[in-house]
Amino acid sequence: MAFPTETVYGLGANGMDGEAVKKIYTAKGRPSDNPLILHIANEGSLEQLALHIPVQARILMDTFWPGPLTLVFQKQRGVPEQVTGGLDTVAVRMPSHPIAQALIAASHVPVAAPSANRSGRPSPTLAQHVIRDLEGRVEMIIDGGPAEVGIESTVVDLSTGEPVLLRPGGISIEELQETLGMTVSMDAGVASRIDESAEEYKPRSPGMKYRHYSPEAELLIIEGESEQVRVQLIELIHMSGKKLGLLATREMVESLASELAPVSVKVLGKRADINEMAASLFRLLREFDEEDVELILAEGLPLHGLGLAVMNRLRKAAGYQIIQV
Ligand code: TXA
Ligand code: MG
């Protein structure tokens, strides 16, 4: 069944039952080697899942649970391999959404739940998105209104001793570092996509291999200093023969006003309000699909705070098609 969480909607099944978990992969069309997060309603449930709970995990749990933080531990033997994709680690999160909490508590088991989208699509932040992707494939959807955070949980690996950021999300790396009083390193996979000196950061042609969170339209991100981004956007708007969409901050949209007549414009949020931008990102990407837009131009955002997670999703959605100005 699909249910709301504070991050995005999840598609849940009994996390201790391998056969139930398999049905999640089928409904989503998800590759079976991509492991799932187990959702719990109280810290006591962690003992049966994690072999060892390091002190740093305790600190993070005390500070951020319930909330948008997933921790990866060495797994206990009882955790089905369908959940972990055959890994010897397990990802666990305690969501704060009252409906998610009530559902998990009532089910008396850890609930395995990926985002409730078809594999490759933007994660659902409204029940309507789940219906669009999974109608006929799931028995029930609980509609809890719009997801508050709008972007998935932050995933931190604590299974090796040192905390490593595997996926930026609803809790920023700055908050993690401040809480732990130490540097949290980024997994090579994350860093290579967000480090400005890395290969993958440079403009490249979109490869299916890298497309996730994707709208149907092609997506191109313009990153750089605002005024230069503005100039580049104007050029692209005038040059392109395609049906265009623009995904940008309120400030950018206002500064472009007179150039925008034929363009479908979606405002991510005010530049100062990254929470608003995170909350609207996936919904707006899906809205472009309803309008048969062919090419979406997106304004790049600074990488601090939740900006790191927003840009991580946007870059994946773009298949790393980026123009750096
Ligand atoms: O906010 C969220 O985390 C949402 C809501 C529904 O809770 N769930 C979600 O699940 O985003 P999903 O399956 O879409 O993403 C789970 C991420 C994947 O990137 C997966 O590879 C990673 O967590 N993951 C799960 N188990 C792992 C493990 N044992 N080791 C490393 N990464 C793991
Ligand atoms: Mg997902």
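See the structure above.
Residues numbered from 1 in each chain as written. Chains lettered and ligands numbered in written order. Predicted model: local features only at pLDDT ≥ 70, side-chain atom pairs only at ≥ 80, totals over all residues. Heavy atoms only, no water.

Enquirer: Could you give me a rundown of the packing of aromatic side chains, with the residues and numbers involved?
Expert: In total, this model carries zero aromatic pairs according to the counting rule given. Positioned above the aromatic ring of Phe288 is the side chain of Lys266, whose terminal nitrogen or guanidinium carbon lies 5.3 Å from the ring centre. (Phe/Tyr/Trp six-rings, centres within 6.5 Å; stacked < 30°, edge-to-face > 60°. Lys NZ or Arg CZ within 6 Å of the ring centre and 35° of its normal.)

Enquirer: Could you give an account of the nonpolar core, naming the residues involved and the relevant values?
Expert: Core analysis: the largest hydrophobic core is formed by 44 residues, its most contacted members being Leu46, Trp65, Leu69, Leu71, Phe73 and Leu176. Residue assignment for this core shows that the elements contributing at least two residues are α1 (18-28), α2 (55-64), β5 (69-74), β6 (89-93), α5 (127-134) and α6 (173-180). When residues in this core are grouped by element, the largest group, five residues, is from α1. Not counting the four nearest positions on each side in its chain, Leu69 is found in contact with Leu60, Phe64, Val92, Arg93, Ser153, Thr154, Val156, Ile171 and Leu176. Judged by nonpolar contacts, the second largest core, of 28 residues, contains Ile151, Ile296, Val310 and Ala318. (Core = buried A, V, L, I, M, F, W, Y, C linked by side-chain atoms within 4.5 Å. Buried < 20%, exposed > 50% of the residue type's maximum accessible area, 1.4 Å probe, protein only. Helix = DSSP H or I, 4+ residues; strand = E, 2+ residues; numbered from the N terminus. Contact = heavy atoms within 4.5 Å.)

Enquirer: Go over unusual backbone geometry, please, and point to the residues and values.
Expert: For the bond running from Trp65 to Pro66, omega is -10°, close enough to zero to count as cis. In this structure, Pro66 sits in the loop between α2 and β5. The phi angle at His108 is positive, at roughly 60°, despite the residue not being glycine. Its place among the elements puts His108 in the loop between α4 (98-107) and β7 (111-112). In this model, Tyr320 sits at a positive phi of 65°, which is unusual for a non-glycine residue. Within the fold, Tyr320 resides in the loop between α11 (307-317) and β15 (322-324).

Purely geometric stuff here, so don't read any function into it on its own.
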